[in-house]
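# Structural characterization, general
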Amino acid sequence: MDKRISEITMKMINYDKGDAARIQHFIKVHNFARVIGETEGLDEETQFILEAAAVLHDIGIHKSEEKYNSCDGKYQEIEGPSEAEKLLKDIKGISKKEEERICYLIAHHHTYTEISGMDYQILVEADFLVNLFEDPDLSDKAENIKENIFKTESGIKILDDMFLEKYDTNYN
């Protein structure tokens, strides 16, 4: 793993300290994003951007709750980028271009139209994989989400295996 991702993760755990559910959420989203990105063959820079954005994707929740009394996705997209910039400023080796893309992904990760780039697509898929499990209201919508949102072969395979296929002892 890129050491910068570990540094970002530790800072994000500290940022969300005391909120085990949110920490667990971003750790799971990061892991699915990492696996999908690697399976889909992302280049090193795009993989880094994806993983950093996956760790930070919901960083706007606290500010959203403070300012809007809501953790709605549109408010997270508004508040998240500036919070991410503050957290990223002490991480060495992140280019301005990478930081801008990470913040862009945070600012759009709840926007499902006009998804541009594999990093964006995979972040959305990883977040849905976790949300489908964590939110009982979404679980019956897996097929619809698959048809309308998912595009990557590995993301679709994970969604199918987790939510749409029955257990089978054949591990293929």
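Please read these numbers as outputs of a predicted model, since none were measured by experiment.

### Thoughts on the packing of helix 3 (residues 44–56) against helix 7 (residues 118–134)
Helix 7 packs onto helix 3 with a crossing angle of 35 degrees between their chain directions and a minimal axis gap of 9 Å. Our pair here, helix 3 against helix 7, has a crossing hand that is right-handed. Across from Thr46, Ile49, Leu50, Ala53 and Ala54 in helix 3, the residues of helix 7 making contact are Asp119, Ile122 and Leu123. Across the contact of helix 3 with helix 7, the residue classes tally to 6 nonpolar, 1 polar and 1 charged.

### Details of helix 1 (residues 3–15)
A rise of 1.5 Å per residue sets the reference length of helix 1, with its 13 residues, at 18 Å; its end C-alpha atoms lie 18 Å apart and thus fit the reference within 8%. Listing the buried residues of helix 1 in full gives Arg4, Ile5, Ile8, Thr9 and Met12. Down the axis, helix 1 shows its buried residues gathered within 135 degrees of arc, on one side only. In this structure, helix 1 carries Lys3 and Met10 as exposed residues pointing more than 90 degrees from its buried face. In the core, the buried residues of helix 1 are packed alongside helix 2 (20–40), helix 3, helix 5 (73–88) and helix 6 (96–108).

Procedures and definitions
Residues numbered from 1 in each chain as written. Predicted model: local features only at pLDDT ≥ 70, side-chain atom pairs only at ≥ 80, totals over all residues. Heavy atoms only, no water. Axes fitted to C-alpha atoms, helices over the stretch in contact; angles between N-to-C directions. Helix = DSSP H or I, 4+ residues; strand = E, 2+ residues; numbered from the N terminus. Left-handed = near helix turned anticlockwise from the far one by under 90°. Contact = heavy atoms within 4.5 Å. Nonpolar A, V, L, I, M, F, W, Y, C, P; charged D, E, K, R; others polar. Expected span 1.5 Å × (residues − 1). Buried < 20%, exposed > 50% of the residue type's maximum accessible area, 1.4 Å probe, protein only. Arc of directions from axis to C-beta.

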